[in-house]
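# Structure at a glance
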Amino acid sequence: MQVLSVASECAPLVKTGGLADVVGALPGALAGQGVRMRVLLPGYPAVMGALSDAQRVGWFDDLFGGGARLVQGRAAGLDILAIDAPHLFARPGGPYIDPNGRDWPDNPERFAALSWMGAHVTVHGAGDWHPQVLHGHDWQAGLVTEYMRQMGGHRPTVLTIHNIAFNGSTDPGRVQSLRLDPWRFHTEGYEFWGSISALKAGLMGADALTTVSPSYAEELMTPQFGMGLEGVMQHRRHVLHGILNGIDDSAWNPATDPAIARYDSPEGKVAAKAALQAELGLPQAEGPLYVIVSRMTHQKGLDLVLQILPDILDQGGQLAVLGSGDPGLEHAFRQAGEDPNVSVRIGYDEPFSHRLIAGGDAILVPSRFEPCGLTQMYGLRYGTIPVVALTGGLADTVINASPAALAQAVATGVQFSPVTADALCNALSRLGALYRDRDSWSQLQRNAMAQPVGWSHSARAYADLYRSLTGAE
Ligand code: ADP
């Protein structure tokens, strides 16, 4: 089974969030299921620079305003197809933003070009390679089915929703620059409340839709979480599947991670915590050390942590934070970091994220919505107890320490609902009580570390889906 994955990010080459982790992990996870996956990416400098054995497999005189090569090669152990289109992708900054943090004004065209190329490769092949299924991710791959329709060649398509909050909407005046068929500007096509929406087009056009957890699949059909697309999701519910993300368990492996020595003994965890406290200049206090690794946005609920910080400190807790994003939140966390029991680092730092998760006692993920979430699963694997909001993938990956779950020795973390400062504060009191009871705490850590968080189950689910779409056994 040959599958083309179409995405705007892919770890470790280019990453702003969990989408990249998933796109980078899927080819390896699926290899064991008889699926060969190539990943089509925009030719950002980080992608072009990483390619080895690069070979040109296509040339296009006018890909949305300039010439483009399609290049095939290897990078980071993955089979990559890259769109070498300097007028669109040879730019400094992030995949979506300029060096000053502003969205590139032509993002709709840049990712339309990605979708167009995905459709082209699927319909016409790349060199002698012909995928049987196209698997696109998020709005950046949403227009694939519109272009496939123009090319007159249907192939099975899957679209995965990693976060419905980003729907790729743009002004209807761009029909021409996006090279869309004007007559498809209607509710069954790419029209969405008077705008063009790339995600809406994909949600209507793909043969199968997936999202990254079963709970988020249900939530997407409600006004609270559907972000205006709940009607579309209800309409397409018969092709919607919730398939939980896994984590890259070779990158996040406490047995080999230099951030934690002797992971299989409680002493290993104690040493990692002491090392982290020393690194951050935190006193070697006895209370729980809470950690956060996150984008700083309203979605992530970190303002609630700021609200209850006095309670955390009153109860003898400490807090260590790594993240970046919203300037207001960054500023508030920087100020909070002036307390001797709080450490805040604004930025993006992968090795440090390992040391935080290895050394923390508990990881806080108080998201207002969370399609899947990865950091709570890193926490589970490292015996760093997740404290999570009861939503989306957080609800599906953590077993709340209720009296019944504790009695049966299956609890792996603490969940709270609704997503308010009071409920979070209450969750931390419950966690504090467990933490002080050393037997309960080490039982919780053992349960967490034993919970499967890898890809094997979900890889099978994706492979089964591809096979069902192609009629293969
Ligand atoms: P989202 O995709 O919404 O940001 P996820 O939990 O799905 O949330 O994925 C976030 C990913 O990005 C995780 O791999 C997490 O470790 C990583 N991450 C987030 N912020 C940082 C940071 N400041 N430094 C290092 N890694 C980060």
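Here the structure is shown first, and the text comes after it.
The notes below deal with the structure included here. For clarity, every value in this text was computed on a predicted model and none was experimentally measured.

Moving on to the pattern of salt bridges. One pass over the structure, following the stated rule, counts 15 salt bridges. A salt bridge links D62 to R179; the nearest nitrogen and oxygen atoms lie 3.2 Å apart. Of this pair, D62 sits in the loop between β3 (52–60) and β4 (68–75) while R179 sits in the loop between β8 (169–170) and β9 (191–192), and the two are 117 residues apart along the sequence. You can call R179 partly exposed: its relative accessible area is 35%.

For the rest of this paragraph, the subject is the site of the ligand. Around the ligand sit 17 residues in total, of which G18, R295, K300, G347 and Y378 are the nearest. Within the contact set of the ligand, an oxygen atom lies 3.0 Å away from a side-chain nitrogen or oxygen of K15. Protein chains bury 92% of the 570 Å² of accessible surface belonging to the ligand in isolation. Elements supplying a minimum of two residues to the shell around the ligand: α1 (18–31), β13 (289–296), β14 (318–325) and α14 (375–381). Considering each element in turn, the shell around the ligand owes the most residues, three residues, to β13. Across the shell around the ligand, the residue classes tally to five nonpolar, seven polar and five charged. Taken domain by domain, the shell around the ligand gets at least three of its residues from each of domain 1 (2–246 + 456–470) and domain 2 (266–450).

Next up on the list: the sheet that holds strand β5 (residues 78–84). Across the sheet, which stays open at both edges, the nine strands sit in the order β3-β4-β5-β2-β1-β6-β7-β11-β12 with mixed pairing between neighbours. The open sheet is flanked by β3 and β12 (240–242), the only strands paired with a single partner. Strand-to-strand twist of the sheet, defined as the mean angle between neighbouring strand axes without regard to direction, takes the value 25°. In this structure, strand β11 (residues 208–211) lies alongside β12, joined through three bridges in parallel fashion. The residue bridging T211 from the neighbouring strand is G242, located in β12. The sheet contacts of α1 involve β1 (2–6), β2 (36–42), β5 and β6 (133–137), and relative to β2 the element is tilted by about 155°.

Here we take up the side chain of S215. Note on placement: S215 falls in helix α7 (residues 214–219). A polar contact is formed between the side chain of S215 and the side chain of D396, at a distance of 2.5 Å. Among residues more than four places away in sequence, those in contact with S215 are G392, A395 and D396.

Over its 15 residues, helix α19 (residues 456–470) runs 22 Å from end to end, which matches the ideal 21 Å to within 8%, given 1.5 Å per residue. Burial in α19 covers these residues: S458, A459, Y462, A463, L465, Y466 and R467.

Two cysteines form a disulfide when their sulfur atoms are joined by a covalent bond. A complete count under the given rule lists zero disulfides for this structure. Here C10 stays unpaired: no disulfide links it, and the sulfur of C372, its closest cysteine neighbor, is 17 Å away. The exposure class assigned to C10 is buried, which follows from its relative accessible area of 0%.

Criteria and thresholds
- Throughout this description, residue numbers start from 1 for each chain and increase along the sequence as written.
- Local features in a predicted model are, by the rule used here, given only for residues with pLDDT of at least 70; side-chain atom pairs are given and counted only at 80 or more, and totals for whole chains, interfaces and linings are based on all residues.
- Note that the side-chain values use all heavy atoms of the structure and ignore hydrogens as well as water.
- Only one rule defines a salt bridge in this text: a Lys or Arg side-chain nitrogen within 4 Å of an Asp or Glu carboxyl oxygen.
- Only runs of H or I of at least four residues qualify as helices and only runs of E of at least two qualify as strands under DSSP, and these elements are numbered from the N terminus.
- Accessible area is worked out with a 1.4 Å probe on protein chains only. A residue is then buried under 20% of its type maximum, exposed over 50%, and partly exposed in between.
- Throughout this document, a residue counts as near a molecule or strand when at least one of its heavy atoms sits within 4 Å of that molecule or strand.
- What qualifies as a polar contact is a pair of N or O atoms within 3.5 Å, subject to a donor-acceptor requirement within protein and to the restriction that residues adjacent in sequence count only when both atoms come from side chains.
- In short, Shrake-Rupley with a 1.4 Å probe defines the accessible areas, and a residue's cover is counted only from the protein chains shown.
- Three categories are distinguished: nonpolar for Ala, Val, Leu, Ile, Met, Phe, Trp, Tyr, Cys and Pro, charged for Asp, Glu, Lys and Arg, and polar for the others, with Gly belonging to the last.
- Domain borders in the structure are assigned automatically or taken from a domain database.
- Strands are treated as partners if at least two bridges between them are detected by DSSP.
- Throughout, an axis means a line fitted to C-alpha atoms (over the contacting stretch in the case of helices), and angles, computed between N-to-C directions, take values from 0 to 180 degrees.
- Only heavy atoms enter the contact rule, under which two residues are in contact if any of them lie within 4.5 Å.
- Multiplying 1.5 Å by the helix residue count minus one yields the expected span of that helix.
- Any two cysteine sulfur atoms within 2.5 Å of one another count as a disulfide.

No statement about biological role is implied by the geometric values presented.
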